[in-house]
Amino acid sequence: MELNKDSYSTHISQQFNDELELIRTELLTMGGIVERQVHDAVKALLTGDAELAEKSRRVDRQTNDMELMIDERCTMIIARRQPAASDLRLIVAISKAVNDLERMGDEASRICRHAIELVEEGDSQRGYQEVRHIGSLVSSMVKDVLTAFARNDTELAYHVAKQDKAVDLEYRTAMRSIVTYMMEDSRAISSCLNVIWVLRSLERIGDHSRNIAEQLIYLVSGTDVRHTPLAEMREVAGATDKDDEEPV
């Protein structure tokens, strides 16, 4: 991805510019790893590929290490440079986004664990259609929010936040369907519980994607849009669509 550097100042110190660009690059590199981990976790479950699930689980160690490294770089920049205004917002946004990415990796690892258990149980694949659908929505959110961060695209970030509402609605619908099935067939309880936890992890990955989108809007606009209705977020982000009814 080509980095858009317009979100922070041009400094007399080229080294400072390089430090800011480096942490952005490392954030996006980590994001690419997490994006692949989420994709592989869902694929491993849907295809019953325990080997892929185990491989994806091991990636979590790498994302943990990257979180620590980027956080340390952010802390050192703050200590040495004492940044202000847009530079400080950039560092804070990256630090928070890195934390959300690490948690996405944790959720992907949980999906892999449940995928392995389902393979061992010889599951009935009940709920897999819901996993496929929500997994596709969430994977798109992860990809789009990383693209938005690379381009400083607040409108795309807003659409990621908006998509999170759709994921929440799909998640609640899927949960009702699976719980009903469990009540009708007690033999399916074990496998259905694993699917429920997978759906919960996917829903959480969507939440973390929205968090990153909100951090980007804050970085570019200087306005904190956390806990803000979509209609207000749309105005801050400069998005053009008007259909911002909050799903019930």
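As shown above, the structure is provided for reference.
The following refers to the structure shown. (Residues numbered from 1 in each chain as written. Predicted model: local features only at pLDDT ≥ 70, side-chain atom pairs only at ≥ 80, totals over all residues. Heavy atoms only, no water.)

### A few points about the packing of helix H5 (residues 154-184) against helix H6 (residues 189-221)
Formally: Each axis is a line fitted through C-alpha atoms, and for a helix only the stretch in contact is used; angles between axes span 0 to 180 degrees, taken between their N-to-C directions. For the purposes of this entry, the term helix denotes a DSSP run of H or I that reaches at least four residues, the term strand denotes a run of E that reaches at least two, and both are numbered from the N terminus. Each angle gets one of four labels, with under 35 degrees taken as roughly parallel, over 145 as roughly antiparallel, 65 to 115 as roughly perpendicular, and the rest as oblique. Should the near helix be turned anticlockwise from the far one by less than a right angle, the crossing is termed left-handed; should it be turned clockwise, right-handed. Note on residue classes: Ala, Val, Leu, Ile, Met, Phe, Trp, Tyr, Cys and Pro are nonpolar, Asp, Glu, Lys and Arg are charged, and everything else, Gly too, is polar.
H6 packs onto H5 with a crossing angle of 165° between their chain directions and a minimal axis gap of 9 Å. Put simply, H5 runs roughly antiparallel to H6. Where H5 crosses over H6, the two elements pack in a sense that is left-handed. Grouping the amino acids of the contact of H5 with H6 by side-chain chemistry returns 22 nonpolar, 3 polar and 7 charged.

### Some points on the environment of arginine 103
Inclusion rule: Only protein chains enter the calculation, and the probe is 1.4 Å; a residue is then buried if its accessible area is under 20% of its type maximum, exposed if over 50%, and partly exposed in between.
Note that arginine 103 resides in helix H3 (residues 85-121). Take arginine 103: its relative accessible area is 40%, and that puts it in the partly exposed class.

### Examining the side chain of aspartate 168
Keep this limit in mind: For this count, His and the chain ends are skipped, Lys and Arg are scored as positive, and Asp and Glu as negative. Definition used for salt bridges: Asp or Glu carboxyl oxygen within 4 Å of a side-chain nitrogen of Lys or Arg. In what follows, residue pairs with any heavy atoms lying within 4.5 Å of each other are defined as contacts.
Take aspartate 168: it is sitting in helix H5. Of the side chains bearing the opposite charge, lysine 165 lies closest to the buried aspartate 168, which forms no salt bridge; the N-O distance is 5.1 Å. Aside from chain neighbours lying at most four places away, what touches aspartate 168 is Glu203 and Asp207.

### Thoughts on the nonpolar core
For clarity, the threshold we go by: Here the nonpolar core consists of buried residues drawn from Ala, Val, Leu, Ile, Met, Phe, Trp, Tyr and Cys, with membership extended through side-chain atoms lying within 4.5 Å.
Counting 75 residues, the largest nonpolar core has Leu45, Ile94, Val131, Phe149, Leu199 and Leu202 as its most contacted members. Going through the elements one at a time, helix H1 (14-47), helix H2 (50-81), H3, helix H4 (128-151), H5, H6 and helix H7 (230-237) are the ones with two or more residues in this core. Ignoring sequence-local partners within four residues, the contact set of leucine 202 consists of Val42, Ile111, Val131, Ile134, Gly135 and Val138.

### Re the environment of threonine 75
Summarising the element assignment, threonine 75 is placed in helix H2. For threonine 75, a relative accessible area of 54% gives the class exposed. C-alpha of threonine 75 to C-alpha of tyrosine 181: the two residues are 106 residues apart in sequence and 50 Å apart in space.

### Some thoughts on H2
Quick note on the threshold: Here, expected helix span is obtained from the residue count minus one, scaled by 1.5 Å. Within 3.5 Å is the distance limit for a polar contact, defined as a pair of N or O atoms, with the added protein rule that one can donate a hydrogen and the other accept it, and that residues adjacent in sequence qualify only through two side-chain atoms.
Over its 32 residues, H2 runs 47 Å from end to end, which matches the ideal 46 Å to within 8%, given 1.5 Å per residue. Those residues of H2 not exposed but buried are Leu52, Ala53, Ser56, Asp60, Thr63, Met66, Glu67, Ile70, Cys74 and Ile77. Of the surrounding secondary structure, the elements contacted by the buried residues of H2 are H1 and H3. Taking the backbone nitrogen of glutamate 51 as reference, a side-chain oxygen 3.2 Å away marks aspartate 49 as the first, capping residue of H2. One or two positions beyond H2, positive phi appears at glutamine 82, with a value near 45°.

### Digging into unusual backbone geometry
Of note in this structure, alanine 85 is not a glycine but carries a positive phi near 55°. Assignment of secondary structure puts alanine 85 in helix H3. Notably, asparagine 152 is not glycine yet its phi reads approximately 55°, a positive angle. Inspection of the secondary structure assignment puts asparagine 152 in the loop between H4 and H5.

### Some details on the pattern of salt bridges
Considering all chains together, one arrives at 11 salt bridges under this definition. Notably, a salt bridge pairs arginine 110 with glutamate 107, separated by 3.2 Å at the nearest N-O pair. Of this pair, arginine 110 and glutamate 107 both sit in helix H3, 3 residues apart, which is roughly one turn of the helix. Under the relative-accessibility criterion, glutamate 107 is labelled buried at 12%. With a closest N to O distance of 3.1 Å, arginine 187 and aspartate 185 form a salt bridge.

Honestly, it's all geometry; don't read function into it.
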